[in-house]
Amino acid sequence: MIRVALMGNPNVGKSVIFNNLTGSHQKVGNWPGKTVEKKEGFFEYNGEKIYVVDLPGTYSLTAYSVEEIIARNYIVEEKPDVVVVVIDASNLERNLYLVLQVLELGAKVIVALNKMDLAKASSISIDTAKLEKLLGVPVVPMIAPKKIGIEELCRKIVEMAKVKEWSIKIRYGELEKVISELTRDLEKEELFEKYNTRWLAIKLLEGDPQVLEEIEKAPKGENILGKLEKIKEIFEEKYGDFEIAFVEARYDIVKQIIKKAVKGEKKLAASDALDQALLDKYLGIPIFISILWMMFQFTFIASTPFSNILSDLLAVLSEKLRGATGIPHLDYLLFGEYGVLNGIGTILSFIPLIMTLYFAMSLLEDSGYMARAAFLIDRAMKKLGLTGKNVIPIILGFGCNIAGVYGTRIIAGEEDRIIAIVTNPLIPCTARLAVFTVIAAAFWEFAAVNVLLSLYILGILLSVLMALALRKTVFKGIYSPFIVELPPYQMPSLKVAVTQMWIRGSLFFKKAGTTILLGLLVIGLLATTNASTLTFTENVEESLLASLGKALQLLFEPLNWDWRLVVAAFFGFVAKEIIIGATAMLYGASEEGLPALLNQYYDPLTMYAYMVFILVYVPCIATLAAIRQETGSWKWTIFTMLYEILLAYGLSFLIVHIGRFLVGAGI
Amino acid sequence: MKKIILCYGGFLGILYVLYGFLQVYNGLISWGLQGDVLQLGIEIYETSIPNVFPDVFSGVALTTTGLLFLTSTYHSLKKSEYYRGYIFAAWLLSILLMLLNIVELFASFIDAYYPFLLGYKPGEWSLATDPWGIAPHLILGALAAPLYLVFRDFIRELTF
């Protein structure tokens, strides 16, 4: 049986080739001990049985990400008979870099030159015979979706598997002297059979953390590390950082190959031209802010009439249900002015808002713009010394912080990952959006969207600043690099957007029917139980909940909250949506509507500070559980809670008091 | 043809930047800055057309659109291929802003008149009283819309 490994950059058409080769003979699972998907399959060609494994898509074979480690360990340890490197003919420079790294490993390589149609559309003509000669390996031109080149690839796999003698060396110019010296030392020590010694020498010079760790553990590892230090001392002055020197040397070779094998100047493609504008150094961020503003404006205005209709219908329903149980106390608890239906109804009336936001986000994701937004934020983060990979969890956090925390799994470095986890709850999720919308609409009406946007920008800024503070104090190590893959632009599909909206929205329904309902029932029971007699009461001021709220209110007096707001924030710990439901219940908002009531009690400055508090203070209980699971430590979970409470309180305090000092209480 | 399009793009760019700055200024006035709200349009029944309602972020969006139009003209004068991307991005933003304006009018209309369907007294709404009624987003977007004829091939190439 011939064993074949399929590898390549993400989005080069590797999966299409894998499917073309193996058809229905596939098995999908996970790589041992990892959450990365493993696909393997079989097929027969000219009587030869061929086993294919689809390795994770990678841009290089360093040891910075799980995908890279899986791919290179498979080639090193499993030693497949043939490695097929799938490359994108319309983007040769980035793709050939990976080919050189696979050749360094000493693997028998076939290059599958996919997307030839795209290259032709971009006016690129590739001389495949010359490319074969320059690389020293077979090159198969392909258009995978049309199955063009599949037959030729199968033939080459069988031929290559029969090759016994195989040796290709990529020559790295001046660096050769250093590589040869270290290779000789490694050959003398005979440390590892599994490794190609030349590759080992290159990786040691590059300072590859995984290889260095293995050498340290090896019996004669100390000798090698000693020699490595001596070599580095001698040559580092001349070559500088070896890792950078090797990257440059590989790109020099790639440029030479392209110069000789590729004809025609690549025409500026429409997507590249558009990227030039959307990722412009100066206009990129204003475009991003404009699109974000449009998204919120659309969400707010398109959902308002539907929220109002739903709210009116729920009020009618509440009126009709009064007295339905026949038990006065239960009736009051469920359908009364301070009843659970009042709270849950207020939350449900925000379903149009949440659904519209998901719809708008899905359209943006589908168009390909979200990846560009990630690139823009990455550029800013890199300048601050932070990993750009945090962008993905941030975007996931806009939907739900639990998804954001789990999304940090894509970050390779442990330190970067912890930073991303503990700062993710500062990103406002949709649950908090519902809270902000009620308050913003009550106090700012026409400018409500601007207030919402200011909170989102504040959340992102605080998350970045906190990450920066942690990076400069607790974690001073190196950060892992991040390559943002920019997918092609496409016309967003309404069907996809509606489906996504429904899937995400139904999760909200589920939560409203379980956690939120339960939380509101507890609040309802506490609000109707007399604090001194523990019997039923209709006077919420005498209730157990009022006692709890009034005790806590002492702490929040400087922020000008009454006990009801304190209790609502307190129960927001269970789920943030509860804040708005609880506020509606505790102020008895069914008749007049919550916005009008809040306006009677508070001024805009106090409520802006309250929103900032809700934005920053403790994450919900499910997010905390996710933080505990992902950091594997109570220390970081408690740290997240504490710093967020202190930061929230401090910011709200400053907003209220500086605000009053500057413009007076009447704004 | 290319020259006409770029001149037209430049003209739109100036208008977008002008109304964008006005809107940012009016927005800052509404936030407490000293001064009077400024309008640049025709007065009909005490309503300015277009109505530059105060909104800083909306002003930023208009200004950005205008700067994209102007940058495309700049790249074209430099004979750089990049002009295509800038003018298309500007056109796309102008169309999205126009659509947003239309959605806002539609939503405000429903919000005002749905109580009528439930047997209540409807609210009051008219193009003249709605700040978004006839805003720069709508008028400038309508002026930019015909450029679609120029971008058909670009859109086809983009979604290839």
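Everything below is about the structure shown above.
All of the points below concern the structure found in this document. (Residues numbered from 1 in each chain as written. Chains lettered and ligands numbered in written order. Predicted model: local features only at pLDDT ≥ 70, side-chain atom pairs only at ≥ 80, totals over all residues. Heavy atoms only, no water.)

### Points about the interface of chain A and chain B
Each partner contributes residues to the interface: chain A has 37 residues there, and chain B has 40 residues. Across the interface of chain A and chain B, roughly 3400 Å² is buried in total on both sides, 77% from carbon and sulfur atoms. Area buried by chain A at its contact with chain B is led by Trp293(A), Met294(A) and Phe446(A), which between them contribute 18% of it. At the level of secondary structure, the elements contributing two or more residues to the side of chain A that touches chain B comprise helix H12 (270–278), helix H13 (284–321) and helix H22 (448–472) of chain A. Considered class by class, the residues forming the side of chain A that touches chain B number 27 nonpolar, eight polar and two charged. (Contact = heavy atoms within 4.5 Å. Buried area = accessible area lost by both parts, 1.4 Å probe. Helix = DSSP H or I, 4+ residues; strand = E, 2+ residues; numbered from the N terminus. Nonpolar A, V, L, I, M, F, W, Y, C, P; charged D, E, K, R; others polar.)

### Concerning the pairing of strand S1 (residues 2–8) of chain A
Residue and element names in this part refer to chain A. Burial within S1 is extensive, with six of its seven residues counted as buried. The sheet contact formed by S1 and strand S4 (residues 48–54) spans five bridges and is parallel. Residue pairing for S4: arginine 3 is matched across the bridge by tyrosine 51. Bridge count between S1 and strand S5 (residues 82–88): five bridges; the pairing is parallel. Across the sheet, glycine 8 pairs through a bridge with valine 86, a residue of S5. (Buried < 20%, exposed > 50% of the residue type's maximum accessible area, 1.4 Å probe, protein only. Pairing = 2+ DSSP bridges.)

### Concerning the environment of Ile460(A)
All names here are of chain A. With respect to the helices, strands and loops of the structure, isoleucine 460 is situated in helix H22. In this structure isoleucine 460 comes out as buried when scored by relative accessible area, which is 15%. For the pair formed by isoleucine 460 and serine 318, sequence separation is 142 residues and the distance between their alpha carbons is 39 Å. Contact partners of isoleucine 460, with chain neighbours within four places excluded, come to Phe398 and Ile427.

### What to know about the pattern of salt bridges
Residue and element names in this part refer to chain A. In total, this model carries 18 salt bridges over all chains according to the counting rule given. A salt bridge links lysine 14 to aspartate 54; the nearest nitrogen and oxygen atoms lie 2.7 Å apart. Of the two residues, lysine 14 sits in helix H1 (residues 14–22) while aspartate 54 sits in strand S4, which places them 40 residues apart along the sequence. Summarising the burial analysis for this pair, lysine 14 and aspartate 54 share the class buried. With a shortest N-O distance of 2.8 Å, glutamate 541 and arginine 564 are connected by a salt bridge. (Salt bridge = Lys/Arg side-chain N within 4 Å of Asp/Glu carboxyl O.)

### Some words on the state of the cysteines
Residue and element names in this part refer to chain A. For the structure on display, the rule yields zero disulfides over all chains. With no disulfide of its own, cysteine 429 lies 6.5 Å from the sulfur of cysteine 400, the closest cysteine sulfur. For cysteine 429, a relative accessible area of 9% puts it in the buried group. (Disulfide = S-S within 2.5 Å.)

### Observations concerning unusual backbone geometry
Note that the residue after Ile49(B), namely Pro50(B), is joined by a cis bond; omega there is -5°. Within the secondary structure, Pro50(B) is located in the loop between strand S2 (47–49) and helix H2 (56–77). Residue Lys115(A) is not a glycine yet carries a positive backbone phi of 60°. Its place among the elements puts Lys115(A) in the loop between strand S6 (109–114) and helix H4 (116–121). Residue class for Lys115(A) comes out partly exposed when judged on its relative accessible area of 21%. Here Lys79(B), not a glycine, exhibits a phi torsion of approximately 60°, which is positive. Looking at where Lys79(B) falls in the secondary structure, it is placed in the loop between H2 and helix H3 (83–117). What makes Lys79(B) exposed here is its relative accessible area of 76%.

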